[in-house]
Amino acid sequence: RTNNVHTVKHNHNNSCPHLGIKTTCIASCTPSCFPTPAWPSAARASGMSTFKGFVVPAKGQKLELRDYPAPPLGDNDVDIQVTHNGLCHTDCHMRDNDWGNAKFPFVPGHEVVGVVKTIGKNVRFLKEGDRVGYGWIKDSCRNCTRCIRGQENLCKIGHVGLITLGSNGGFQPVMRAPADFAFKLPEALDSASAAPLLCAGVTVYAPLKRHITFPGMKVGVLGIGGLGHMAVQIAAKLGAEVIAISGSKDKEAECLAMGASSFVTTGEANDKLTGELDLLINCVSAKTDYAQQMGWLAHAGTLCIVGLPVEEITVPLLGTVFYQKSVTGSIVGGRDDVKEMLQFCAVHGIKPLIETMPLSQINEAMDRVVANKARYRIVLTTDV
């Protein structure tokens with residue numbers, strides 16, 4: 001990267017280092033493709049400035065508040081004074097390197113809200129004092145067909161994640177990142193509510209918008225957690241008949257209040273849902289029975305997976321072919337999706353159900369997420 005003009009160089013086996021997707025290199029690979037920052041003594045010795053953040057020192061370890069070397073402010077970069085962070089299960093996956101795309105040490109956090117503190121000299125659409133949000137994607141090639149259409153999440157050579165490969169996210173008082181992927185927030189969205197929308201919100205909004213094709217479509221939402229409770233609200237506002245599906249019966253009242261037409265426990269699903277759903281959004285981050293879920297689909301129905309357990313899936317071939325069922329996935333969203341989702345939620349009054357904790361309690365908050373105790377999204381307020 002020179003002045004934030006992105007030149008992408010991948011590793012020699014043509015495997016995207018961000019999510020393990022096979023890609024084509026557009027430039028010869030060099031060891032400097034993804035340079036390792038000096039941590040932290042070398043940075044002090046060289047006179048580099050430092051930021052302070054909650055760092056994962058090594059795979060699976062607790063986060064520690066420590067200094068790290070700050071990269072220079074690029075001409076197209078922005079410094080954000082962070083006020084809020086949504087805590088996503090992906091932050092826990094990255095801490096534990098479940099997907100193999102973490103590089104230690106690094107600062108997690110990719111549902112970031114704050115106020116613009118400093119801008120690079122080429123930044124025109126933001127100014128100091130603007131309230132902005134920042135999500136999973138921080139860069140892409142900007143030149144492929146998908147990027148030009150605002151679908152940077154489908155970048156041909158692989159988008160760059162905010163917290164992948166040693167990049168540093170929002171669990172810190174000030175975050176430095178490319179300005180082009182910072183989003184001005186609608187006034188109708190308060191900062192705490194906006195934070196989870198930057199990942200959880202767009203992760204379910206994008207596929208729901210794509211697959212809900214007629215009013216009254218029967219849409220099942222499996223897994224009523226951070227993703228699922230957003231999917232229930234958004235699908236209802238898109239005109240679907242929403243069936244919330246959960247193993248926790250005590251979530252029924254909240255699901256109905258969020259817009260679900262009905263609630264089914266996973267134990268009842270085979271009896272009540274077989275052949276019924278036009279669309280099923282699987283929001284579960286653990287292993288589930290995908291073959292069973294295909295049985296819940298109506299003819300020409302679609303199973304869309306947005307939760308990311310580390311596993312392969314198996315589905316029955318004959319039923320899939322004879323009844324023209326589909327299995328698909330969806331990963332966050334591009335800039336067009338994020339902007340549209342933020343405005344959609346602002347107009348329709350859609351907000352996550354959150355509990356707030358101070359950023360200094362990040363390790364306790366992560367424990368709650370892993371134990372499935374968050375209801376439904378933890379938002380961390382900056383107190384360091």
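Residues numbered from 1 in each chain as written. Predicted model: local features only at pLDDT ≥ 70, side-chain atom pairs only at ≥ 80, totals over all residues. Heavy atoms only, no water.

Enquirer: What am I meant to see in the overall build of the chain here?
Expert: When you go through the chain residue by residue, the secondary structure sums to 11 helices and 17 strands. Counting across all 384 residues of the chain, residues that qualify as buried make up 53%. In the chain, the proportion of contacts linking residues at least 24 apart, taken out of those at least 6 apart, comes to 66%. Of the roughly 16200 Å² that the chain leaves accessible, carbon and sulfur atoms contribute 51%. (Helix = DSSP H or I, 4+ residues; strand = E, 2+ residues; numbered from the N terminus. Buried < 20%, exposed > 50% of the residue type's maximum accessible area, 1.4 Å probe, protein only. Contact = heavy atoms within 4.5 Å. Areas by Shrake-Rupley, 256 points an atom, 1.4 Å probe, with all protein chains shown as cover.)

Enquirer: For this particular structure, what's the right way to read the packing of helix α4 (residues 191-211) against helix α10 (residues 335-348)?
Expert: Relative orientation and spacing of two packed helices are given, respectively, by the angle between their axes and the distance between those axes. It is the contact of α4 with α10, at a shortest axis distance of 9 Å, that shows an interaxial angle of 95 degrees. Taken together, the axis directions place α4 and α10 in an arrangement best described as roughly perpendicular. Where α4 abuts α10, its residues L197, L198, G201, V202, Y205, A206 and K209 lie against D337, V338, E340, M341, L342, F344 and C345. Counted by class, the contact of α4 with α10 contains 10 nonpolar, 1 polar and 3 charged residues. (Axes fitted to C-alpha atoms, helices over the stretch in contact; angles between N-to-C directions. Parallel < 35°, antiparallel > 145°, perpendicular 65-115°, else oblique. Nonpolar A, V, L, I, M, F, W, Y, C, P; charged D, E, K, R; others polar.)

Enquirer: I tried to follow the packing of α4 against helix α5 (residues 228-237) on my own but got confused; where do I start?
Expert: Across the interface, α4 lies against α5 with an axial gap of 9 Å and an inter-helix angle of 45 degrees. The orientation of α4 relative to α5 falls into the category oblique. Along this stretch, α4 crosses α5, giving a crossing that reads as right-handed. Residues L197, G201, V204, Y205 and L208 of α4 form the contact with α5, whose participating residues are M230, A231, I234 and A235. Here the residues of the contact of α4 with α5 sort into 8 nonpolar, 1 polar and no charged. (Left-handed = near helix turned anticlockwise from the far one by under 90°.)

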